[in-house]
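# Residue-level structural notes
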Amino acid sequence: MNDQSMTTLAEPTVLAAAKDALYPDVSERPDRYAVTETQFTTAIWGSEPISPTIHERLQPFNSVRLESGEPDLLGVGMPHGEVLNDGVASAPVVAVEAKGYRRSGAVDVARGIEQAHSRLSEVNLGYVAAPTAGVSETARALARELNVGIVGVEDAHSATVLEPARVTGAGEFSRGVEAIRFQARTNQFTAGSFPVNHPKNYLGYVLAAAAEGETDATYGEHVIRLPESGRRGAALFGLLDVRGEDELTHLGAEVVRFARTRHGSVERALEEFDAWTGRSTRFTDLAPRWAQLARSVMMQYEPTKLLVDALEALHREGVREAGLPELVERACAINQPLAVEVCVTEDAREAVLTRDGDLDTDALRDPHVYKTGLHFQYKAQLYHVGLVTDRGTDDKSAVLDDTWRLEQPVGHV
C-alpha cells in the first residue's frame, strides 16, 4: 500500500465515505439522521490535515456516550443496502466504527469489529468501516459470526457494504440514543427554525384537516396562509402522522373532540380561530381553555420537558430568571445530547463541544451558536401557553439579555 493511499484513507475519510454509503439521502429522508462523534471535529488526524470537505460531510457532530463507549457515528433509520433480519426494527439505531491505515500500513479491522459488536446490546446494527484492501477473509468471517456489517472504502467517495449487518432487538435505549432518535423524527420539521410561533396555528391545522373541504384552503382562510408551516407544526407536536397519508394521531383526534365540545362543530371552531388572526394578545388571556389544551400538547414534546426541568432546577437554586447560556448549560447537565440537538446549530457544535464531548461553557456566551427557533418561535409558543413569562426575540444582539423564567415554578427557593 503506497503512502498516498494511507494518507487519504485516514479514519475521518473512511468514516465520511461510510456515512455517505449507509445514509446517502439523509438530508432528503425524514426518517434518517446521523451524528459524528466529536473527536472528528479536529482539523488534524495524527499528523495529517483533514480537508474541510471531509469535515463538512461528517457534520453534524454530537457526543453520545454508551456503556460500551462512544461510537464514531450513530445513526437512526434503516441504512442503505442489504440488511439481514430487517423486520425486527422499523427505525433501527446504527453504530459505526471507522478504522483507517496506521503508519505501519496495517488496518485494525478486527478491533473495529469487536467495538461494533460491543455496541449491539445498546443499538440495533453495528458496522465497521475500513479500507477495502485491508479487509481480509478472516475479518469478514469474524464479522458474520458476530452479526457485524463491514463497509469497504475504496477512496474518499467510494464505499460498498461488503458484509451486511444483522438487526438485533436492542431493548430500552439510553437517554443519549433517544435524543438522536428524537432528532430523526423532528429534524425535518424544524431545520434550525420553528414552523409556527403561535399554538393556534398547529391546533388550527388539525381542525382544517378534520373539516369539510380541502385542508390547505380551509387553513389559509381561517388560520394563516402558510399551510405547510401549520402542517409541520401539527406533526412536530404529535397531532398529525405524516409518514404516509396524513392522519390525525390520538392526540390530534382529541383536539377535534375538544373543538366540537367547546363550539358545537369544527367549522364553528375555525370561525373562532379566524377571529383571532392578527391578535397579539397572549393566548392564555385570549382563549384560556384552548391555551390549556395547547399547553398539554406542548408538555408532551421532549424539548419542553427538558427546558422546564432545567428552569425548575435553576429555580430551586435561587435563579428565578435565567439567561439562555445558564438555561442551556443546565439542560446539558440533564441530557446533553438532546440539549445540543435542540439548542445548538449544526455549524456551532464543534465550538460548543470539545473533542472529548464535554461542554465548553464559554462558547455558550456567543448568541450565534443557538438556533433562532429556540429563542424566537419556540419561546413564543411557551409564552403563549403560559409556561414562561416572556415571548422571546429573534434579534441575536438581544439573545443574551433575554431572560427565561417559569410562570409558575413548582420547586421552592
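Here is what the cut-offs are and how they apply
- Residues numbered from 1 in each chain as written.
- Predicted model: local features only at pLDDT ≥ 70, side-chain atom pairs only at ≥ 80, totals over all residues.
- Heavy atoms only, no water.
- Buried < 20%, exposed > 50% of the residue type's maximum accessible area, 1.4 Å probe, protein only.
- Helix = DSSP H or I, 4+ residues; strand = E, 2+ residues; numbered from the N terminus.
- Arc of directions from axis to C-beta.
- Contact = heavy atoms within 4.5 Å.
- Axes fitted to C-alpha atoms, helices over the stretch in contact; angles between N-to-C directions.
- Parallel < 35°, antiparallel > 145°, perpendicular 65-115°, else oblique.
- Nonpolar A, V, L, I, M, F, W, Y, C, P; charged D, E, K, R; others polar.
- Core = buried A, V, L, I, M, F, W, Y, C linked by side-chain atoms within 4.5 Å.
- Domains from an automatic or database assignment.
- Polar contact = N/O pair within 3.5 Å; in protein donor to acceptor, adjacent residues only side chain to side chain.
- Expected span 1.5 Å × (residues − 1).
- Bend = angle between axes of the 7 residues up to and from the residue.

### Here we look at helix α13 (residues 288-298)
Of all the residues in α13, the buried ones are Trp290, Ala291, Leu293, Ala294, Val297 and Met298. An end-on view of α13 places all buried positions within 160 degrees of arc, on one side of the element. Against the buried residues of α13 lie α7 (199-210), α10 (250-263), α11 (266-276), α12 (283-286), α14 (302-316) and α17 (372-384).

### Concerning the packing of α14 against α17
Two elements in contact, α14 and α17, have axes separated by 12 Å at closest approach and are oriented at 85 degrees. In this view, α14 runs roughly perpendicular relative to α17, as classed from their interaxial angle. Along the contact surface, α14 presents Pro303, Thr304 and Leu307, while α17 presents Leu374, Tyr378 and Leu382. Here the contact of α14 with α17 is composed, by residue class, of 5 nonpolar, 1 polar and no charged.

### Side note on the nonpolar core
One finds Tyr202, Leu203, Leu207 and Trp290 to be the most contacted residues of the largest nonpolar core, which totals 76 residues. Tallying contributions element by element places helix α15 (residues 324-343) first for this core, with 10 residues. When residues of this core are assigned to domains, at least three fall in each of domain 2 (189-300) and domain 3 (302-385). Those residues in contact with tryptophan 290, other than ones at most four positions away along the chain, are Leu203, Leu207, Val255, Phe258, Ala259, Arg262, His263, Ala269, Phe273, Trp276 and Phe283. In terms of nonpolar packing, the next biggest core, distinct from the first, is built from 55 residues, Ala18, Tyr101, Phe173 and Val177 among them.

### Considering the environment of glutamate 163
Position of glutamate 163 relative to the elements: it lies in strand β8 (residues 158-163). Once the C-alpha coordinates of glutamate 163 and valine 151 are considered, the two residues, 12 residues apart in sequence, prove to be 7.0 Å apart. Leaving out residues up to four positions away in the same chain, glutamate 163 has contacts with Arg140, Arg144, Gly149 and Ile150. Polar contacts involving the side chain of glutamate 163 include one to the side chain of arginine 144, which spans 2.7 Å.

### As for α15
An ideal rise of 1.5 Å per residue puts 28 Å on 20 residues; α15 reaches only 10 Å between its terminal C-alpha atoms. Its maximal kink placed at asparagine 335, α15 deviates by approximately 135 degrees, while the proline proline 337 follows within four residues. With 15 of its 20 residues buried, α15 lies for the most part within the structure.

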